[in-house]
Amino acid sequence: MSVFEQFEQHEQVVYFSDSPSGLRAIIAIHSTALGPALGGTRFYPYASEDAALEDVLRLSRGMTYKAAAARLDLGGGKAVILGDPRRVKSEELLRAYGRFVESLGGRYVTAEDVGTSRADMDVIRRETRFVAGVSPSLGGSGDPSPSTAYGVYLSMLACAEEVWHEHSLRGRRIAVQGVGKVGYNVVKYAVEDGGAQVVVADVDVDSVARVVRDFGVQTVPTEQIHAVDCDILAPCALGGVINADTIPQLRCRAIAGSANNQLQHPEHGKALAELGILYAPEHVYRTLREVFTIAREDHVSTAEAADHYAESRLERISRLRRYWVPSPSDTRR
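Within each chain, residues carry numbers counting from 1 in the order of the written sequence. At least 70 in pLDDT is required for a residue's local features to be given in this predicted model, at least 80 for side-chain atom pairs to be given and counted, and no such filter applies to totals for whole chains, interfaces and linings, which use all residues. To get the side-chain values, all heavy atoms of the structure are used, and hydrogens and water are removed first.

Enquirer: Lay out helix 10 (residues 285–298) in plain terms, naming residues and giving numbers.
Expert: The helix count covers DSSP runs of H or I at least four residues long, the strand count covers runs of E at least two residues long, and both are numbered beginning at the N terminus. In a helix, the anticipated span is given by 1.5 Å times the number of residues less one. In this model, helix 10 (14 residues) spans 20 Å end to end at C-alpha, consistent with the 20 Å of a helix rising 1.5 Å per residue. A 1.4 Å probe rolled over the protein chains alone gives each residue an accessible area, and that area as a share of the maximum for its type sets the label: buried under 20%, exposed over 50%, partly exposed in between. Those residues of helix 10 lying buried are T287, L288, V291, F292 and A295. For helix 10, the arc enclosing every buried residue in end-on projection is 135°, short of the 170-degree limit, so these residues lie on one face. Opposite the packed face of helix 10, turned more than 90 degrees from it, sit the exposed residues R286 and E297. Looking one or two residues past helix 10, H299 carries a phi angle of roughly 55°, positive in sign. Read the arc as the range of directions from the helix axis to the C-beta atoms.

Rendered as structure tokens:
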């Protein structure tokens, strides 16, 4: 496969290295049809450069569909920095990365993701305007994790309405995979606002200890969380947890989490539908209700319905932008 064939679904894929700081990064811009490509920066010790490329391509495409389905005037992009953030992250590296983002002239706007934090965004902000989630003192919105988690909580309520015809999680058992920045707050909303019973798992023992201390939840080993007998499974760690190996072991009625690309392959959405497991592919309550309706009426999986929903908006807006001709007095850019 040629380079161009590999990237044919993307507008732009850029590699960047900075020897003095040790930075090695890839930014993938999937689409700017709706606006600048927004997506977080994932700092992760990938097994290979090919694995990093595969991840950034999948994640950036997912961001396009997520933004479209959420009715945002944003496109889809993603960045990965190769390396272990606990060992190689430094101010020099982050600032070099900020210059990389700045060089794209606003086509890509970054934010935090796995392996990066609000403090990191503050450092990156020294080199580029095109970063979201910086500290309020710098004019930003701060840590987006609580808002993301609240979106997951609303998704769970939408699932409860669809499956049990109840706008409540009270008494429901929820299994949360990953209790980092977002997962911790998902547990918080599920327990304190929803009245749910929660069981968790995470590779980070300190994160597990914190959530047990704060909310009194149950725990299971990480390799067992997907198979817990529960009402809702909430994948809030890395993607690909719903795959050919895990699907036969699922014992949930619905899936609603914050992880990107929870399905390892698109066809796994259909496999879930055939098993009678409701999959929530987006984190916005109103959008989910529309997606569930499309899935019911068109007799397709919710994953397919979400893609159709997003693609329809992308096509409509792209068509409008193709035929829009600015007048001399129009100051829009």
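Enquirer: Pulling in residues and values, what's your account of the pairing of strand 6 (residues 173–177)?
Expert: The element strand 6 is extensively covered by neighbouring structure, given that four of its five residues are classed as buried. Being paired, for any two strands, means DSSP has found at least two bridges between them. Bridge analysis of strand 6 against strand 7 (residues 197–201) gives five bridges, and the strand direction is parallel. Looking at strand 7, one finds that A175 is bridged to V199. With helix 7 (residues 181–193) bridging strand 6 and its parallel neighbour strand 7, the resulting β-α-β unit is right-handed. Where strand 6 meets strand 9 (residues 232–235), four bridges bridge the pair, whose relative direction is parallel. By the bridge assignment for strand 9, V176 is matched with A234. For a crossover, the right-handed case is the one in which the path from the first strand over the helix to the second runs clockwise, viewed with the strands pointing away from the viewer.

Enquirer: Which residues make up the nonpolar core, and what values do they have?
Expert: We call a set of buried Ala, Val, Leu, Ile, Met, Phe, Trp, Tyr and Cys residues a nonpolar core when their side-chain atoms join them within 4.5 Å. Judged by nonpolar contacts, the single largest core of 36 residues is most densely connected at M156, L169, I174, V176, V187 and V198. At the level of elements, helix 6 (145–164), strand 6, helix 7, strand 7, helix 8 (205–215), strand 9 and helix 10 are the ones that each hand at least two residues to this core. With near-sequence residues (within four places) excluded, I174 lies in contact with M156, L169, A190, A196, Q197, V198, V199 and I232. Grouped together as the second largest cluster of nonpolar side chains are 24 residues, I29, A37, Y97 and F130 included. In what follows, a contact means two residues having at least one pair of non-hydrogen atoms within 4.5 Å.

Enquirer: Which residues make up unusual backbone geometry, and what values do they have?
Expert: Positioned with a positive phi, H165 is a non-glycine residue whose angle comes to about 60°. Among the structural elements, H165 can be located in the loop between helix 6 and strand 6. The exposure class assigned to H165 is exposed, which follows from its relative accessible area of 69%. One non-glycine residue, N261, lies in the positive phi region at around 50°. Mapped onto the secondary structure, N261 falls in the loop between strand 10 (254–255) and helix 9 (267–274).

Enquirer: Break down the side chain of D55 for me, with residues and values.
Expert: Looking at the secondary structure, you find D55 in helix 2 (residues 49–69). Here D55 is in contact with R42 and Y46, once residues within four sequence places are set aside.

Enquirer: Which residues make up the packing of aromatic side chains, and what values do they have?
Expert: Each aromatic ring pair is specified by the distance between its two centres and by the angle formed by the two planes. Between the rings of Phe, Tyr and Trp (Trp by its six-membered ring), a pair exists once the centres lie within 6.5 Å; its type follows the angle of the planes, with under 30 degrees stacked, over 60 edge-to-face, and the other angles tilted. All chains considered together, the criterion is met by seven aromatic pairs. Joined through ring pairs, the aromatic side chains of F16, Y97 and F100 make up one cluster. Only Lys NZ and Arg CZ are tested; either one counts as a charge over a ring when it is within 6 Å of the ring centre and within 35 degrees of the ring normal. For R172, the ring lying beneath its charged end belongs to W164, and the centroid distance is 4.0 Å. Taking NZ or CZ as reference, R210 lies 3.7 Å from the ring centre of Y184, over its face.

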